[in-house]
Amino acid sequence: MSQPLAERLRPRSLDDYVGQKHLVGEGAALRKMIDAGRIPSFILWGPPGVGKTTLAQIIANKLETPFYTLSAVTSGVRDVRDVIEKAGAGRFFNEASPILFIDEIHRFSKSQQDSLLGAVEKGVVTLIGATTENPSFEVIRPLLSRCQLYVLKPLERGELLELLQRALTKDVELSKRDIELRQTDALLRYSGGDARKLLNILELVVEAAPEGKVVITDSMVVDRLQQNPLAYDKDGEMHYDIISAFIKSIRGSDPDAALYWLARMIEGGEDPKFIARRLVISAAEDIGLANPNALLLANAAFDAVAKIGWPEGRIPLAEATVYLATSAKSNSAYLGIDKALELVRRTGNQPVPLHLRNAPTKLMKDLGYHDGYKYPHDYPGHFTAQQYMPDGIAGERLWRAQHNAQEDRLGQRMRDCWGKRFEE
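Residues numbered from 1 in each chain as written. Predicted model: local features only at pLDDT ≥ 70, side-chain atom pairs only at ≥ 80, totals over all residues. Heavy atoms only, no water.

Draft legend 1. Representation of the overall build of the protein chain in the model. In terms of helices and strands, the protein chain carries 20 helices and 7 strands. Across its three principal axes, the protein chain shows a C-alpha extent of roughly 85 × 60 × 45 Å. The buried share of the protein chain, reckoned over its 424 residues, is 44%. For the protein chain, contacts bridging at least 24 residues in sequence account for 72% of all contacts bridging at least 6. Total accessible area computed for the protein chain in this model is approximately 23,000 Å², and 53% of it derives from carbon and sulfur atoms. Side-chain charges of the protein chain comprise 54 positive and 56 negative groups, with the mean position of each set lying 4 Å from the other. (Helix = DSSP H or I, 4+ residues; strand = E, 2+ residues; numbered from the N terminus. Buried < 20%, exposed > 50% of the residue type's maximum accessible area, 1.4 Å probe, protein only. Contact = heavy atoms within 4.5 Å. Areas by Shrake-Rupley, 256 points an atom, 1.4 Å probe, with all protein chains shown as cover. Lys, Arg positive; Asp, Glu negative; His and termini not counted. Charge placed at Lys NZ, Arg CZ, Asp CG, Glu CD.)

The structure is reproduced here in structure tokens:
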């Protein structure tokens with residue numbers, strides 16, 4: 001059986017590698033280390049199909065060092081220790097450390113990650129981890145501190161077009177066919193910056209075409225994918241498309257659609273904690289202050305699925321999904337913190353007003369720290385007006401109440417306290 005197109009076109013050298021110029025382009029930091037023959041342990045973080053596994057294999061070939069690979073889905077602590085023993089036994093003095101590549105390292109348990117620490121710290125192996133999840137949440141701090149972190153980006157339009165041309169001209173199978181790329185917008189749109197998905201769609205469309213000249217158009221691609229929408233996604237490459245549809249359905253207050261996309265993820269074997277994590281984010285970002293209980297329920301669902309897993313985990317996930325979808329929506333806190341971050345980046349480190357500073361020492365008291373601070377609980381209604389922002393930005397408004405029952409009450413309280421400052 002012939003290999004898939006994406007595998008046949010897998011680059012074997014950095015010169016053939018497409019994308020990630022910020023990491024492996026001429027003069028880039030990682031490229032310099034590879035060319036020098038010494039690399040640190042590092043983690044590659046990025047969406048599917050952007051070249052994480054390929055880059056690890058290219059580095060191993062370039063450095064001519066043993067290359068071990070483990071999948072976090074199928075490997076346990078014993079497998080990790082076995083590989084580390086082999087790597088240590090087969091290494092000669094002054095040689096570059098063998099590379100241990102762990103795909104989907106975010107799925108490793110804490111004990112599995114702990115088993116790597118000693119070998120990484122002593123240089124028995126050079127660890128290259130690949131993950132689609134934020135390592136700050138999924139990789140234990142001691143291991144993360146021993147690794148560099150490199151962020152990979154979705155491929156850009158020009159890079160995807162380069163891949164298409166390479167497939168048509170260099171691939172042993174497609175180069176035999178008479179193929180014209182008359183239109184490419186649908187190919188690029190459905191790929192979402194994922195090289196593997198792009199090549200799988202191309203292969204699917206060409207295989208479905210009759211013998212003779214193949215003219216690829218946008219309508220042809222759309223028709224083919226509508227007839228067989230999962231054909232290019234046998235390995236879960238619609239992961240991000242489906243979670244996006246799920247979150248947008250919740251944001252759009254459509255519980256039926258949200259449950260449908262939840263069912264698609266459950267049926268596809270998605271990690272229940274991945275779904276629960278997105279529900280927590282949605283509760284904070286999209287429901288927010290309109291219904292603060294949403295965040296509590298989403299967190300409870302996360303705790304529940306972490307304890308019970310599949311198949312019973314579908315029930316708390318469904319409960320949280322329906323609750324979030326049917327809740328009033330507000331993104332005022334989300335907009336507020338982003339506006340605050342923009343203000344901090346624009347105005348720099350503004351000094352804390354003296355009356356807000358703590359004064360634990362006599363010197364600080366003598367310098368006026370804490371002088372003039374009014375303790376709100378000493379005043380009627382537990383409030384008294386005073387300045388809390390730095391002097392240079394005292395008039396800035398960052399949070400604005402949105403119109404829902406909960407925030408109407410919050411907004412009114414702010415107007416009662418601060419008067420015109422909180423009038424819209």
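Let's pick the thread back up.
Draft legend 2. Looking closely at the layout of surface pockets. Within this model, the second largest pocket holds a volume of roughly 230 Å³. Residues that form the lining of the second largest pocket fall into these classes: 5 nonpolar, 3 polar and 6 charged. (1 Å grid on protein atoms, 1.4 Å probe; cavity = no way out; pocket = protein on both sides within 12 Å on 5 of 7 lines; lining within 4 Å. Points joined across faces, edges and corners; volume = space filled by probe spheres on them. Nonpolar A, V, L, I, M, F, W, Y, C, P; charged D, E, K, R; others polar.)

Draft legend 3. Quick peek at the sheet that holds strand β3 (residues 99-103). Spatial strand order, β2-β3-β4-β1-β5: 5 strands in an open sheet with parallel pairing. Strands with a single pairing partner mark the edges of an open sheet, and in this sheet they are β2 (67-71) and β5 (148-151). Within the sheet, the average angular offset between the axes of one strand and its neighbour, ignoring direction, is 20°. As paired strands, strand β1 (residues 42-45) and strand β4 (residues 126-131) are joined by 4 bridges and run parallel to one another. Bridge pairing links Ile43 to Gly129 in β4. Across the sheet, helix α4 (residues 52-63) is in contact with β1, β2, β3 and β4; its angle to β3 comes to roughly 170°. (Pairing = 2+ DSSP bridges. Axes fitted to C-alpha atoms, helices over the stretch in contact; angles between N-to-C directions.)

Draft legend 4. Seen up close, the environment of Pro135. Relative to the helices and strands, Pro135 resides in helix α7 (residues 135-138). When the C-alpha atoms of Pro135 and Ser282 are compared, they prove to be 20 Å apart, with 147 residues separating the residues in sequence. Residues within four places of Pro135 in sequence aside, it is in contact with Ile43, Trp45, Leu144 and Leu149.

Draft legend 5. Inspection of the pattern of salt bridges at higher detail. Under the criterion given, the structure shown has 18 salt bridges. Arg8 serves as the salt-bridge partner of Asp171, at 2.7 Å between the closest nitrogen and oxygen. Of this pair, Asp171 sits in the loop between α9 (157-170) and β6 (179-181) while Arg8 sits in helix α1 (residues 5-8); the two residues are 163 residues apart in sequence, bridging distant segments of the chain. Close ionic contact of Asp15 with Arg31 constitutes a salt bridge, the shortest N to O distance being 3.7 Å. In this pair, Asp15 is assigned in the loop between α1 and α2 (21-24) and Arg31 in helix α3 (residues 29-36), connecting sequence segments 16 residues apart. (Salt bridge = Lys/Arg side-chain N within 4 Å of Asp/Glu carboxyl O.)

Draft legend 6. Main features of the packing of aromatic side chains. Here the structure, examined in full by the defined rule, presents 4 aromatic pairs. Look at Phe67 and Phe101: their rings are 6.2 Å apart centre to centre, the planes differ by 20°, and that puts the pair in the stacked class. In this pair, Phe67 is assigned in strand β2 and Phe101 in strand β3, connecting sequence segments 34 residues apart. Phe67 gets classed as partly exposed once you look at its relative accessible area, which sits at 28%. Residue Phe101 is classed as buried on the basis of its relative accessible area, which comes to 2%. On the basis of an interplanar angle of 75° and a centroid distance of 4.8 Å, the ring pair of Tyr260 and Trp261 is categorised as edge-to-face. The ring of Trp418 has Arg421 lying over it, and the distance from NZ or CZ to the ring centre is 4.6 Å. (Phe/Tyr/Trp six-rings, centres within 6.5 Å; stacked < 30°, edge-to-face > 60°. Lys NZ or Arg CZ within 6 Å of the ring centre and 35° of its normal.)

Draft legend 7. Quick look at the packing of α9 against helix α11 (residues 195-208). It is the contact of α9 with α11, at a shortest axis distance of 10 Å, that shows an interaxial angle of 45°. Considering the angle they form, α9 stands oblique to α11. The interaxial crossing formed by α9 with α11 has right-handed handedness. Along the contact surface, α9 presents Leu160, Leu163, Leu164, Ala167 and Leu168, while α11 presents Ala195, Leu198, Leu199 and Leu202. The residue makeup of the contact of α9 with α11, split by class, is 9 nonpolar, no polar and no charged. (Parallel < 35°, antiparallel > 145°, perpendicular 65-115°, else oblique. Left-handed = near helix turned anticlockwise from the far one by under 90°.)

Draft legend 8. Looking closely at unusual backbone geometry. Despite not being glycine, Gln20 has its phi angle at roughly 60°, a positive value. Inspection of the secondary structure puts Gln20 in the loop between α1 and α2. The phi dihedral of Glu104 falls on the positive side, at around 55°, and the residue is not glycine. Tracing the chain through its elements places Glu104 in the loop between β3 and α6 (110-122). Classification of Glu104 by relative accessible area gives partly exposed; the value is 25%.

Draft legend 9. Fine view of a nonpolar patch on the surface. Taken together, the side chains of Tyr373, Tyr375 and Tyr388 present a nonpolar region at the surface, about 300 Å² in accessible area. Tracing the sequence through the fold places Tyr375 in the loop between α19 (362-366) and α20 (405-418). (Patch = residues over 30% accessible without salt bridge, like charges linked within 9 Å, V, L, I, M, F, W, Y side chains within 5 Å.)

Draft legend 10. Seen up close, the nonpolar core. Grouped together as the largest cluster of nonpolar side chains are 52 residues, with contacts concentrated most on Ile59, Ile128, Leu202 and Ile216. With 8 residues, α11 is the largest single contributor of residues to this core. In contact with Leu202, other than residues within four places in its own chain, are Leu5, Leu164, Ala167, Leu168, Leu174, Leu187 and Ile216. One finds Ile242, Ile247, Met265 and Leu317 within the second-largest nonpolar core, a separate group that totals 22 residues. (Core = buried A, V, L, I, M, F, W, Y, C linked by side-chain atoms within 4.5 Å.)

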